[in-house]
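The lines below spell out each chain.
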Amino acid sequence: DDIKKVAFRFHHISTDEVFGALDLDDQKFNETTPYDPRSPYSASKAASDHLVRAYWHTYKLPITISNCTNNYGPYQYPEKVIPLFITNLLEGKKVPLYGDGKNIREWIYVDDHNKGVEIIVKKGRIGETYCLGSGEEKNNLELTNIILQSMNISQEMIEYVADRPGHDFRYAMDCTKMKNELGWEPEANFEERIKETIKWYQENEEWWRALKR
């Protein structure tokens, strides 16, 4: 009853990385997947999830949590892989592809993520966690080729580099809870939205060049 009287909630946005890594034949992550972070970054995100839940259990702070797959879209900082690859190509530079390029990520358009967070804040149950994803799984080589083809650039611009430490093989999210409880589903088509994203970086060179200095 006390929680119902509270006029706010604390919503914590987390990542799929807290759940560890998947193999090709593994089922997707969901809200009941045990935590298994593999890197300092994912461990810090897992710790923040646990801290938020601790405040809910101990002090009844009205919280919700969302764990999301990789985002893409306009205004993404150019150190992230999609804007990095796009802006490198616009500068005539090669794109650095980790390892053999077979690592898999699920990509969600930023507006779909935003809508998911909004509906959780408005309708999600206090104390609950919700997973957000798109079903758009791409390995990094597929992702790179989509960007190259969309920009009419050859594969000669790929530079294979040493894999990064703690590079989990695959992340993928089961969003059944979001669909069944809150009526949310991702709407964006990756091939269409990546073209729009490329166009945005082409038209906003001043913005990203200032950040890459």
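Model, not experiment: these values are computed from the prediction.

Engineer: Teacher, can you tell me more about the overall build of the chain here?
Structural biologist: Summing up its helical and strand segments, the chain has 7 helices and 8 strands in all. Rg of the C-alpha trace for the chain: 19 Å, near the compact-globule value of 17 Å for 213 residues, within the 12% margin. Along the first, second and third principal axes, the C-alpha atoms of the chain reach 60 × 35 × 35 Å. When contacts within the chain are restricted to residue pairs at least 6 apart in sequence, those whose partners lie at least 24 apart make up 83%. Of the accessible surface of the chain, which amounts to about 11500 Å², a share of 48% is contributed by carbon and sulfur atoms.

Engineer: Just to check I follow, could you spell out the nonpolar core for this structure?
Structural biologist: As a rule of thumb, soluble globular proteins bury nonpolar side chains together. Ranked by size, the top nonpolar core spans 22 residues in total, and within it Tyr72, Ile82, Ile86, Ile147, Phe190 and Ile194 carry the most contacts. Ranked by residues supplied to this core, first place goes to helix H6 (residues 190-203) with 5 residues. Here Ile82 is in contact with Tyr72, Trp107, Leu143, Ile147 and Ile194, once residues within four sequence places are set aside. Counting residues in each nonpolar core, the second largest holds 20 residues, with Phe19, Ile119, Cys175 and Leu182 among its members.

Engineer: What should I look at first to understand helix H4 (residues 140-150) in this one?
Structural biologist: Owing to its 3.6 residues per turn, the α-helix brings residues three or four apart onto one side. Those residues of H4 not exposed but buried are Asn140, Leu143, Thr144, Asn145, Ile146, Ile147 and Leu148. Looking at the buried side of H4, the elements it contacts are helix H2 (81-90), strand S4 (95-98), strand S5 (104-109), strand S7 (137-139), strand S8 (158-161) and H6. Two or three places before Leu141, at the start of H4, stands the capping residue Asn139, its side-chain oxygen 3.0 Å from that residue's backbone nitrogen.

Engineer: In this structure, what is going on with H2? I would like to understand it.
Structural biologist: Burial runs high along H2: 7 of the 10 residues are buried. Along H2, the residues that are buried comprise Ile82, Pro83, Phe85, Ile86, Thr87, Asn88 and Leu89. Packed against the buried residues of H2 are strand S3 (70-72), S4, S5, H4, H6 and helix H7 (205-212). Positive phi appears at Gly92, one or two residues downstream of H2, with a value of about 80 degrees.

Engineer: I'm lost on the packing of H4 against H6 in this one. Help?
Structural biologist: Interaxial distance between H4 and H6 falls to 10 Å at its minimum, and their mutual angle equals 60 degrees. Classified by the angle their axes make, H4 and H6 are oblique. With respect to the hand of their crossing, H4 and H6 are arranged in right-handed fashion. Residues Leu143, Ile146, Ile147 and Ser150 of H4 form the contact with H6, whose own contacting residues are Phe190, Glu191, Ile194, Lys195 and Ile198. The residue inventory of the contact of H4 with H6, partitioned by class, reads 6 nonpolar, 1 polar and 2 charged.

Rules used throughout
- Residues numbered from 1 in each chain as written.
- Predicted model: local features only at pLDDT ≥ 70, side-chain atom pairs only at ≥ 80, totals over all residues.
- Heavy atoms only, no water.
- Helix = DSSP H or I, 4+ residues; strand = E, 2+ residues; numbered from the N terminus.
- Rg over C-alpha atoms; globule rule 2.2 N^0.38 Å.
- Contact = heavy atoms within 4.5 Å.
- Areas by Shrake-Rupley, 256 points an atom, 1.4 Å probe, with all protein chains shown as cover.
- Core = buried A, V, L, I, M, F, W, Y, C linked by side-chain atoms within 4.5 Å.
- Buried < 20%, exposed > 50% of the residue type's maximum accessible area, 1.4 Å probe, protein only.
- Polar contact = N/O pair within 3.5 Å; in protein donor to acceptor, adjacent residues only side chain to side chain.
- Axes fitted to C-alpha atoms, helices over the stretch in contact; angles between N-to-C directions.
- Parallel < 35°, antiparallel > 145°, perpendicular 65-115°, else oblique.
- Left-handed = near helix turned anticlockwise from the far one by under 90°.
- Nonpolar A, V, L, I, M, F, W, Y, C, P; charged D, E, K, R; others polar.

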